[in-house]
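Spelled out from the first residue to the last, the chains are:
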Amino acid sequence: MSHRLLRRSADTVELFAPAKINLFLSVLGKRSDGYHDLITVMAKVSCGDLLKIRRTSPQEGVRVSCPGHEQLEDENNLVCKAVRAWLQTTQTEWGVEVVLQKNLPIQAGLGGGSSNAVSALLGMNELTEKKLSDESLRAVAARLGSDCPGFLCSGLCLAEGRGETIREIDPERSRELRGQAVLLFRPQIGFATPEVYQGFSDRGEFSDAKWARNRVCRWESGETSLSQLLYNDLEKSVFEKHRYFSPLFREMEREFGIFPRMSGSGSCCFACMPEGFARANEVRELILRSWGECTWIEDAELID
Ligand code: C5P
């Protein structure tokens, strides 16, 4: 399970909350509830945030602190919402204190907030015998955010609907990709998810569901390779507006033979690095030269 329990005592748990990348993301259409139907393959990566959850007395209420990111310390924080949802669903009257060590950039398409929320739910479950069942966890997670249920899957995950209908990808594919090196890189700007979806929707160029299913199916059955799966519909509108993505992607392809993609609604991108690839430093230099010294770059690998 990617949300690893790192430490536990009677009233405290510490958990790792991994980031995700979307190896495949197709948007099929806009729904009447304002969301978009999609088909996506999500993979968890080895970099992420840390959560320390402590059970306190009821009168202390629910408190979330996020050192260095005080703007995230309000009721809108998904961790806060997750803890409240857990308390309500299990009808438990506790106070809860969460310290969130944020390592992942926000507005990056890495699912940081969703992953934090899932860690909070799993962490709360660790503190009691009165656990939420897997089914309830999925239902609560889906209410918290479209990306949340995918984080409950072990291994690679296929998500459909607005993201809430999930299933595990064939374990053989997950095993093959476990440990796959990925380079994450994010320009010094974040994107708001609703705007990115809207920008894509406005173009009216949705993916065909049959095409999307076929592309995933052929990869999942072992007929095609990972590089033939990699795809993200949301790049189209983003790259049109933010002109600096395409030249860097083209250069990485041409110079190094690696094929970057944007993750989710961006702005973070990733490139799967071939085994034994010896020019990683040159790739990093190219990214920093193209997008500036403040570009966030992180070496990571795919995890279960
Ligand atoms: O579910 P979540 O709150 O994470 O979604 C944030 C926003 O992203 C939604 O309000 C919506 O604008 C957009 N979104 C979407 N279709 C999805 C997922 C997210 O339009 N499948």
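Preceding this paragraph is the structure being described.
Note that the structure is predicted; figures quoted are calculated from it, not measured.

Definitions and cut-offs
Residues numbered from 1 in each chain as written. Predicted model: local features only at pLDDT ≥ 70, side-chain atom pairs only at ≥ 80, totals over all residues. Heavy atoms only, no water. Helix = DSSP H or I, 4+ residues; strand = E, 2+ residues; numbered from the N terminus. Rg over C-alpha atoms; globule rule 2.2 N^0.38 Å. Buried < 20%, exposed > 50% of the residue type's maximum accessible area, 1.4 Å probe, protein only. Contact = heavy atoms within 4.5 Å. Lys, Arg positive; Asp, Glu negative; His and termini not counted. Charge placed at Lys NZ, Arg CZ, Asp CG, Glu CD. Near = heavy atom within 4 Å. Polar contact = N/O pair within 3.5 Å; in protein donor to acceptor, adjacent residues only side chain to side chain. Areas by Shrake-Rupley, 256 points an atom, 1.4 Å probe, with all protein chains shown as cover. 1 Å grid on protein atoms, 1.4 Å probe; cavity = no way out; pocket = protein on both sides within 12 Å on 5 of 7 lines; lining within 4 Å. Sits in = over half its atoms within 2 Å of the grid points. Pairing = 2+ DSSP bridges. Core = buried A, V, L, I, M, F, W, Y, C linked by side-chain atoms within 4.5 Å. Points joined across faces, edges and corners; volume = space filled by probe spheres on them. Nonpolar A, V, L, I, M, F, W, Y, C, P; charged D, E, K, R; others polar.

A.B. asks: Honestly, the overall build of the protein in this entry has me stumped. Any pointers?
C.D. replies: Within the protein, the regular secondary structure consists of nine helices and 12 strands. A compact globule built from 304 residues should have a C-alpha radius of gyration of about 19 Å, and the protein, at 19 Å, falls within 12% of that. Taking the principal axes of the C-alpha coordinates as reference, the protein spans close to 60 × 40 × 40 Å. Counting every position in the protein, which comprises 304 residues, the buried fraction comes to 53%. Within the protein, counting contacts between residues at least 6 apart in sequence, those at least 24 apart form 72% of the total. With 38 positive and 43 negative side-chain charges, the protein shows a separation of 1 Å between the mean positions of the two kinds.

A.B. asks: Would you take a moment to explain the environment of Ala 141 for this structure?
C.D. replies: By the secondary structure assignment, Ala 141 is in helix α3 (residues 134–144). Of the residues examined, Ala 141 reaches a relative accessible area of 0% and is grouped as buried. With 55 residues separating them along the chain, Ala 141 and Val 196 place their C-alpha atoms 22 Å apart. In this structure, Ala 141 is in contact with Leu 121, Cys 148, Pro 149 and Leu 152, ignoring residues within four places of it in sequence.

A.B. asks: In this structure, what is going on with the site of the ligand? I would like to understand it.
C.D. replies: In the neighbourhood of the ligand, the contacting residues comprise Gly 34, Tyr 35, His 36, Leu 38, Gly 145, Ser 146, Arg 162, Thr 193, Pro 194 and Tyr 197. Between the ligand and the protein, one listed contact pairs an oxygen atom with a side-chain N or O atom of His 36 at 2.7 Å. Separating an oxygen atom of the ligand from a side-chain N or O atom of Ser 146 is a distance of 2.5 Å. The protein chains hide 74% of the 450 Å² of surface that the ligand would expose on its own. One can see that the ligand is located within the largest pocket. For the shell around the ligand, the elements supplying multiple residues, two or more each, are β3 (36–56) and α5 (193–203). Per-element accounting of the shell around the ligand gives the leading share, three residues, to α5.

A.B. asks: For this particular structure, what's the right way to read the pairing of β3?
C.D. replies: Looking along a regular strand, one sees side chains alternate from face to face of the sheet. Most of β3 sits out of view: 15 of its 21 residues are buried. Sheet analysis places strand β2 (residues 12–30) next to β3, joined by 16 bridges and oriented antiparallel. Across the sheet, Val 27 pairs through a bridge with Leu 38, a residue of β3. Between β2 and β3, which follow one another and run antiparallel, lie five residues, and Gly 34 among them has a positive phi close to 90°. Sheet topology places β3 next to strand β6 (residues 157–160); three bridges connect them, and they run antiparallel. Looking at the pairing, Val 41 lines up with Leu 158 of β6. Bridging between β3 and strand β12 (residues 296–303) involves two bridges; their strand directions are antiparallel. By the bridge assignment, Lys 44 is partnered in β12 with Ile 303.

A.B. asks: Please clarify how the pairing of β12 should be interpreted in this entry.
C.D. replies: In the sheet, strand β8 (residues 181–186) pairs with β12 via six bridges, with the strands oriented antiparallel. Directly across from Val 182, in β12, lies its bridge partner Ala 300.

A.B. asks: Hey, could you run me through the nonpolar core in this one?
C.D. replies: As a rule of thumb, nonpolar side chains are buried together in soluble globular proteins. Counting residues in each nonpolar core, the largest one holds 41 residues, and the members touching the most others are Ile 53 and Val 83. When residues of this core are traced back to their parent elements, those giving at least two are β2, β3, β4 (62–65), α1 (78–89), β5 (95–101), α2 (112–126), α3 and β6. Here this core gets eight residues from one element, more than from any other, and that element is α1. Discounting residues that sit within four places of it in the chain, Val 83 has contacts with Val 62, Val 96, Val 98, Ala 120 and Met 124. Counting 31 residues, the second largest nonpolar core, distinct from the first, contains Ala 43, Cys 47, Leu 184 and Cys 268.

A.B. asks: Sorry, what's going on with empty space enclosed by the protein here?
C.D. replies: It is the rolling of a water-molecule-sized probe over the atoms that shows where space remains empty. As enumerated under the stated definition, the model contains one cavity of 30 Å³ or more in all. Put simply, the largest cavity is a space of about 40 Å³. Forming the walls of the largest cavity are Ala 43, Lys 44, Leu 156, Ser 174, Leu 177, Arg 178, Leu 302, Ile 303 and Asp 304. For the lining of the largest cavity, the secondary-structure elements that each account for two or more residues are β3, α4 (171–177) and β12. Along the lines of polarity and charge, the residues of the lining of the largest cavity split into five nonpolar, one polar and three charged.

A.B. asks: Explain the side chain of Thr 40 to me, please; I cannot follow it from the model alone.
C.D. replies: Along the chain, Thr 40 falls in strand β3. On the accessibility criterion, Thr 40 (5% relative accessible area) is buried. In terms of polar contacts, Thr 40 uses its side chain to reach the backbone carbonyl oxygen of Phe 24, at 2.6 Å. Each residue touching Thr 40, except ones within four places of it in the same chain, is listed here: Asn 22, Phe 24, Leu 25, Cys 157, Leu 158 and Ala 159.

Everything listed is a geometric property; what it means functionally is a separate question.
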